Amino acid sequence: MRHWKTSVIFSVISLLLLIPFKTSFGCGYYEDDGYYGYRMLDEGILEQETDFAPYILAFGESVKSDLEARTDQRTENLKEWQISSCYHANLKDIEEVVYRTSIEDMELLRRASKKRGSLPYSLSGNEFAQGMATSKCTETIDYLIFAKQCEPFATAGSEWSDEPRNNEGISSLISTGKESLLRTDNHYLRLRYTYQLVRLAHYDDRYQEALDIYDWAEPKVDVTDSVINWWLLGHKAGCLKRLGRRVEASYLFSTIFKNCMGKRDQVYRSFEIQTDEEWEECLKMCKSDEERVTLYTMRAMVPDSHVVEEMEKIYAFRPFDKDLSYLLVEEISRLEEIFLGTDFRILKKPSSDYPNKIAKNRLLKLLRFVSSAIEEKHVPDEGLWAISEGYLQYLSGDFYAAKRTYEAAAPKVKGNKKLESQLEMFELALQIHSYDKLNQKIENELAEIIKSNPYFESNSTFPEFMFDHLSNVYDDMDEHGKSYLCVHSINSLRDNPDPKVINDLLALAEKKELNDFELYLLENKVGAEYTSVLYELKGTYHLTRGELSDAKLALSKVKPSILDQTQVNPFEERLLDCVHCPSTDTLIFNKLQLTDELLDFEYKAKTDMDNSAKYYYYLGIAYYNMTYFGHAYKAFDYFRGSTSWFNMPDGEVMTYWGADNGNREYFDTSKSLFYFEKAREMTTDDELAAKAAFMSAKCELTAFYRSDAAKSMSDYYAGRIPKIPSEYTTYYDILKTKYKDTEFYQTAIEECKYFEFYATK
Amino acid sequence: MFSVLLLVTLLGCGNSEPPPSLSFYHWQSYLDLTTEEDELLLSVGTKRLYVRYFDIDFQGGKPVPVGVMIPRKGIRENMEIIPTIFITEKTMRYVSNEQLEELLDNVIRKINGIHSKVSPTDISEVQFDCDWTAGSRERFFLFLKKMKEKTTWKISATIRLHQWKYPSKTGVPPVDRGVLMVYNTGKVSDKNEENSILDMDDVRSYLPEGEYDIPLDVALPLFRWAVLFRDGKMIRLIHSPSLSELSDTSRFSKRNHWTKVIKSTYLNGYYLYEGDELRIEEIDRGLLMECAQMIKPSLNAKEIVFYHLDTTITKTYSHETLENIGHIFSH
């Protein structure tokens, strides 16, 4: 008992704060980019055909990362060396020589290639080095030495570094490089020299000099099929842009975008058109319709662009261009975010502004364009466009048209596994979404989908999509239990019990024959012992309301293994509240035993008049301890929220992260107050009356906590005893005036700081 | 003794306070003042220019400088440059204690490096601009405190209106002085907003009841932007759109403060589609005066910093207008 002498408020608050928050059981689906909704479109639908698609698809971040890993400049460079150098070695050994070998070791390699020494130790066993030495690739080795000398001037240091570049060193290297280029017979190495020289000048902000070097070297180099050409062009474009020749630069960037995957991201960001005139000028620079298409595609890639407008322009002069398919998929994915996004449930009952008129028009515009292109038989990929038309019809709400289009599209996608699979996914979404009534037959189909349909597993958003829609349909059919389980778990129901849902679920659980879907819902959302679990919840619900006969009836149907999961003794008296302090009493009850005991006490309180007051007192103790404030709160509550304490004036149902329908707390101590009053009324023992009055005062204090007056309890939050309005201290006053001479009064004064404060104020 | 006090009192009674000095923020990628910009600085007697040197963002798990300003042309010798650094809130939320120490050294080195290319005089003051929140305040204030300890610079910080109004909740930064940013008062993405740059009702609601714990100067807006709405949603801001372009009736149709795109077109490098809507927001002379008059009684500004210096403002605001704003604060 000694530890209770410390301030009760600190112990209560600190213990409350130790309780962890709930984890989320939220429905719907979040993507890393913040999109919350459903996706039926497979993000990899185009990937197999080209590496271009991921740069367009808004949702293709993961694919894009993979692609970047495969196509970074280093990898491209190594592959180039493998193909174009004088000795064809494996990539690992090439990488060692190109990126990790020192200039000193390269000099030794050079000597070895001239039979003037042996290979450096670091390169012994390196196939590429050995090959170059034996094949006397001195031009290659000379170039690699030069490239390593250039590297410090071409690589960025720390972002924070502000050291000036060594301009003299750069000038000297440019001069040496030019001489080396002229001495080199190998055109591929000449190209690499040119790249190094232009890059050096570019990075040293000598833009015009870089362009001059480019023009000087160009006639001296005859290599057309190297990726280095695109890198070189990138530097030229960069210099042009710096010199204000933005349109020329943008045109070059667009050609690099089309042809050089490793640079695509970079040049896309550098592409810049300021005015209509510049755009026209850039279009005029294009040498083919294909190049013009790239310009429109790049413009369409801007987030929030009106893709269909760009598609119409592309279609006008190059209807079969593959970019149209990429843009189509891009726009569908954007529309999907609108029509199957966060507000999917609203889609069912459209409000005036969702999906808004503008979004609908955008969808219909694309649908008209797609339908018209299909009709004209001018589409780059008949199967993709056919299923896209159906999906757009579905998104527009025309399920009938979508179904017919899908049926007609099936032969067109035959043999293309990705498209076949995509069509199946679209059809499945349509099938689910078309259900506006559910019956035994459909539920069997649903069970089959859950059991064996691959998309239930492979599409991470599909299960949420399906259950969200089914929940709506069940709701319309007044099957609230099934509706609830489609989107919530039993924990949500425990957090805030709804008798309508509990009874509906019990009726379902006790059905003679459950179909597989019903069984799935009960077993997966409630648990294998679903009947017992539901009766336990029903019994607890009645217990919280003091409906003991109903509670007993329900709890008597619960298996002992479930019942015994909660063991409390609410009859244990504690002068001070400490919800998590261990019990000193060995007597414990499960909820059924507790209900029996409460019924027995109620009976005895009414019939055993000699002990009536005592029974009333203990009933009061039990009901107090089962509320939020007592150590036996688990009898009422499955989850006691720590921060609920601070929001008591707001009501009993608290918003809680992870509690879908809120978390109900049991703050009401009026039933226990009633019993304490009865006890005081019936007793002739001043000690018992004093205890009852003290407990009544605690009940009154909880009433204050729940009142609006408590909203500004700055003292309380600061860890001080709050000043309580006099209407909430009537029982403390009674205790002071009537029971001052009792032993209990003295004990209470000693042990309860609150009471001491109020008694002496 | 008495006569000295009397003299001071008498002198004090006779004169109104001198008008605050007028300065500008320079918030562009290149420091390359045009003749018009330079003339405006001269005409209003600007002695201090707050030049954004770089931003600090948190990328790849560490704070990095981004948008580093490139000096292209020198500044008049008698112009004091105040290096100004914008720090994203995210940076101060995520930076670790170890990174903070390194960041301080990096920032000092970077500022010195840029400053040596911009001005021959030593740095006297550096300003940090960060819209701190409860989650980043502690770290940002520590950063400011340590910056002051590590350098001889005066340190100033920008103060948002809500921070001015609720100092006990938001905290007061440990700096020598603050500059109250009286702009961006509204919700720019709200289509019903008329002018999110400066709404007098919003400003009124932020007027504080008590004194602020550090001396405060004031920053007033001198900019124009177009808020682009597409498909009913705000998607971007277009800074300093050309009014002459917007008056091209073959591409734009104007109604009140809204401009509708009637033919897809480029504007300031952004491609606009037919049907797009632009809300043109700018600050006229009257609004600027009204704002100055409203906030004047609540703070004793010694300096007014206009945000921000570019060629478009030289055509919109005369030096008399700017001087008159200064005079409002002197009465």
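Here the residue index of a chain counts from 1 through its sequence in written order. For naming, the first written chain is A and the first written ligand is 1, with later ones following in the order written. Residues qualify for local features only when their pLDDT is at least 70, as the model is predicted, and side-chain atom pairs are given and counted only at 80 or more; totals for whole chains, interfaces and linings, by contrast, use all residues. The basis for every side-chain value is the complete set of heavy atoms in the structure, and neither hydrogens nor water enter the calculation.

Peer 1: Mind showing me how you'd approach the overall build of chain B here?
Peer 2: Across its full length, chain B holds twelve helices and 18 strands. Structurally, chain B occupies a C-alpha span of about 75 × 55 × 40 Å along its principal axes. Residue exposure (1.4 Å probe, protein chains only): buried if accessible area is under 20% of the type maximum, exposed if over 50%, otherwise partly exposed. Out of the 331 residues belonging to chain B, those deemed buried represent 50%. For chain B, long-range pairs separated by at least 24 residues make up 73% of all intrachain contacts whose partners lie at least 6 apart in sequence. To qualify as a helix, a DSSP run of H or I must reach at least 4 residues; to qualify as a strand, a run of E must reach at least 2; elements of each kind are numbered from the N terminus. We call two residues in contact whenever any of their non-hydrogen atoms come within 4.5 Å of each other.

Peer 1: How should I be thinking about the pattern of salt bridges in this particular structure?
Peer 2: For side chains bearing opposite charge, pairing can occur when the charged atoms are close. Residues and elements named next belong to chain A. Just to be clear on terms, a salt bridge is a Lys or Arg side-chain nitrogen sitting within 4 Å of an Asp or Glu carboxyl oxygen. Scanning the model with the defined rule gives 65 salt bridges over all chains in all. Arg299 is the partner of Glu310 in a salt bridge, and the nearest nitrogen-oxygen pair spans 3.0 Å. Residue Glu310 is located in helix α16 (residues 307-317), and its partner Arg299 is located in helix α15 (residues 289-300); the two are separated by eleven residues in the primary sequence. Arg299 carries the same exposure label as Glu310, and that label is buried. Glu330 serves as the salt-bridge partner of Arg334, at 2.7 Å between the closest nitrogen and oxygen.

Peer 1: I tried to follow the interface of chain B and chain A on my own but got confused; where do I start?
Peer 2: For an interface, size is often stated in terms of accessible area lost upon the parts coming together. If you look at the interface, chain B gives 32 residues, while chain A gives 21 residues. Three residues, Asp231, Tyr266 and Tyr273 of chain B, lead the burial of chain B against chain A; their summed loss comes to 34% of the area buried on that side. Taken together, chain B and chain A are joined by four salt bridges. Each polar contact in these results corresponds to two N or O atoms within 3.5 Å; when the atoms are within protein, one needs to be able to donate a hydrogen and the other to accept it, and residues that are neighboring in sequence are counted only if both atoms are side-chain atoms. Viewed at the interface, chain A and chain B are joined by 16 residue pairs in polar contact (both at pLDDT 80 or more). Those elements giving two or more residues to the side of chain B that touches chain A turn out to be β3 (48-59), β4 (62-66), α4 (97-118), β12 (233-239) and β15 (265-267) of chain B. Reported buried area values correspond to the accessible surface (1.4 Å probe) lost by two parts on association, with both partners' losses combined.

Peer 1: Looking at this model, I keep getting lost on the domain arrangement of chain A. Mind explaining?
Peer 2: Residue and element names in this part refer to chain A. Note that domain bounds follow an automatic or database assignment of domains. Domain assignment breaks chain A into domain 1 (2-18 + 571-760), domain 2 (303-457) and domain 3 (458-563). Here the C-alpha centroids of domain 1 and domain 3 sit 32 Å apart. Taken together, the contacts link 23 residues of domain 1 with 21 residues of domain 3. Summing both partners gives a buried area of about 2,000 Å² for domain 1 against domain 3, and 60% of it is carried by carbon and sulfur. When the buried area of domain 1 at its contact with domain 3 is split by residue, Leu592, Tyr638 and Asn661 rank highest and sum to 30% of it. Put simply, domain 1 and domain 3 have two salt bridges between them. Glu536 serves as the salt-bridge partner of Lys591, at 2.9 Å between the closest nitrogen and oxygen. Viewed at the interface, domain 3 and domain 1 are joined by eleven residue pairs in polar contact (both at pLDDT 80 or more). Where the side of domain 1 that touches domain 3 is concerned, the elements lending two or more residues are α33 (591-607) and β2 (659-664). Here the side of domain 1 that touches domain 3 gets eight residues from one element, more than from any other, and that element is α33.

Peer 1: Whenever I open this one, helix α14 (residues 276-285) of chain A confuses me. Can you help?
Peer 2: An α-helix turns once per 3.6 residues; consequently, residues spaced three or four apart project the same way. When we look at burial in α14 of chain A, the residues that qualify are Asp276, Glu278, Trp279, Cys282 and Leu283 of chain A. Take α14 of chain A and look down its axis: the buried residues cluster within an arc of 160°, on one side only. Seen from the buried face of α14 of chain A, the exposed residues on the opposite side, beyond 90 degrees, are Glu277 and Lys284 of chain A. Those residues of α14 of chain A hidden inside the fold are in contact with α12 (246-259) and α15 of chain A together with β15 of chain B. This arc is built from the directions going out from the helix axis to the C-beta atoms.

Peer 1: What's the story with helix α40 (residues 753-760) of chain A in this structure? I'm lost.
Peer 2: Every buried residue of α40 of chain A is accounted for by Tyr754, Phe755, Tyr758 and Ala759 of chain A. Mapping the buried residues of α40 of chain A onto a view down its axis gives an arc of 120°, with all of them on the same face.

Peer 1: Even after reading the chapter, I still don't get the sheet that holds β12 of chain B, so can you show me in this structure?
Peer 2: Two modes of strand pairing occur in sheets, parallel and antiparallel, and in both the strands are linked by backbone hydrogen bonds. Residues and elements named next belong to chain B. In short, DSSP must find at least two bridges between two strands for them to pair. Taking strand neighbours across the sheet as the criterion, the five strands line up as β12-β11-β17-β14-β13 in an open arrangement whose pairing is antiparallel. The two strands at the open ends of the sheet, each matched to only one other strand, are β12 and β13 (252-255). The mean inter-strand angle of the sheet, taken between neighbouring strand axes irrespective of direction, is 25°. Pairing between β13 and strand β14 (residues 258-261): four bridges, direction antiparallel. Along β14, the bridge assignment pairs Lys254 with Thr259. Note on method: axes are straight lines fitted to C-alpha atoms, helices fitted across the in-contact stretch only, with angles between N-to-C directions ranging 0 to 180 degrees.

Peer 1: Would you mind showing me how to read the pairing of strand β10 (residues 216-221) of chain B here?
Peer 2: Regular strands show a simple pattern: their side chains alternate between the two faces of the sheet. Residues and elements named next belong to chain B. A large share of β10 lies buried, amounting to six of its six residues. Of the two faces of β10, the one lined by Leu216, Val218 and Leu220 and the one lined by Asp217, Ala219 and Pro221 are each fully buried. Bridge count between strand β9 (residues 177-181) and β10: four bridges; the pairing is parallel. Note that in β10 the partner of Met181 across the bridge is Ala219. Handedness of a crossover is defined as follows: with both strands directed away from the viewer, a clockwise route from the first strand across the helix to the second makes it right-handed. Between the parallel pair β9 and β10, the chain is carried across by helix α8 (residues 200-205), and the sense of this crossover is right-handed.

Peer 1: Mind showing me how you'd approach unusual backbone geometry here?
Peer 2: Leave glycine aside and you will find that most residues have negative phi; peptide bonds, for their part, are mostly trans. The step from Tyr307 of chain B to His308 of chain B runs through a cis peptide bond, and the omega angle for that step is 0°. As for its placement among the helices and strands, His308 of chain B is situated in the loop between β18 (303-307) and α11 (311-316). Non-glycine residue Lys377 of chain A carries a positive phi angle of around 55°. With a phi close to 45°, Ser240 of chain B is a non-glycine residue in the positive phi region. Along the chain, Ser240 of chain B falls in the loop between β12 and α9 (243-246).

Peer 1: In this structure, what is going on with the side chain of Ser250 of chain A? I would like to understand it.
Peer 2: Residue and element names in this part refer to chain A. Here Ser250 shows up in helix α12. On the accessibility criterion, Ser250 (1% relative accessible area) is buried. Engagement of the side chain of Ser250 in a polar contact is seen with the backbone oxygen of Glu272, the distance being 2.8 Å. Every residue in contact with Ser250, bar those within four places of it in the chain, is listed here: Phe271, Glu272, Ile273 and Cys282.

Peer 1: Looking at this model, I keep getting lost on the domain arrangement of chain B. Mind explaining?
Peer 2: Residue and element names in this part refer to chain B. Here the domain parsing of chain B yields domain 1 (18-223 + 283-330) and domain 2 (224-282). Using C-alpha coordinates to define each centre, domain 1 is positioned 28 Å away from domain 2. Opposite the 17 residues of domain 1 that make contact, domain 2 presents 14 residues. Summed over both partners, the interface of domain 1 with domain 2 comes to about 1,300 Å²; 53% of that surface belongs to carbon and sulfur atoms.

Peer 1: What am I meant to see in the environment of His88 of chain A here?
Peer 2: All names here are of chain A. Relative to the elements of secondary structure, His88 occurs in the loop between α3 (73-84) and α4 (91-100). In this structure, the C-alpha to C-alpha distance between His88 and Lys377, residues 289 residues apart in sequence, is 47 Å. His88 has contacts with Gln82, Ile83 and Glu127, leaving out every residue within four places of it along the chain. Reaching out from His88, the side chain makes a polar contact with the backbone oxygen of Gln82 at a distance of 2.7 Å.

Peer 1: It is not clear to me how the packing of α3 of chain A against helix α9 (residues 187-203) of chain A should be interpreted in this structure. Could you clarify?
Peer 2: When two helices pack together, their arrangement is given by the angle between the helix axes and by the axis-to-axis distance. Residues and elements named next belong to chain A. The interhelical angle for the contact between α3 and α9, taken along N-to-C directions, is 155°, at an axis separation of 11 Å. Taken together, the axes of α3 and α9 lie roughly antiparallel to each other. Along this stretch, α3 crosses α9, giving a crossing that reads as left-handed. Residues Gln73, Asn77, Glu80, Trp81 and Ser84 of α3 form the contact with α9, whose own contacting residues are Tyr188, Leu189, Arg192 and Tyr195. For this scheme, ten residues count as nonpolar: Ala, Val, Leu, Ile, Met, Phe, Trp, Tyr, Cys and Pro. Four count as charged, namely Asp, Glu, Lys and Arg, and the remainder, Gly too, count as polar. Here the contact of α3 with α9 is composed, by residue class, of four nonpolar, three polar and two charged. Roughly parallel refers to an angle under 35 degrees, roughly antiparallel to one over 145, roughly perpendicular to one between 65 and 115, and oblique to any angle outside these ranges. Crossing chirality is assigned from the near helix's rotation relative to the far helix, an anticlockwise turn below a right angle marking it left-handed and a clockwise turn marking it right-handed.

Peer 1: Can you help me understand the environment of Tyr296 of chain A in this one?
Peer 2: Residue and element names in this part refer to chain A. By the element assignment, Tyr296 lies in helix α15. For the pair Tyr296 and Lys678, spaced 382 residues apart in sequence, the C-alpha separation works out to 84 Å. Once you skip the residues sitting within four places of it in the chain, Tyr296 turns out to touch Trp279, Leu283, Glu310, Lys313, Ile314 and Phe317.

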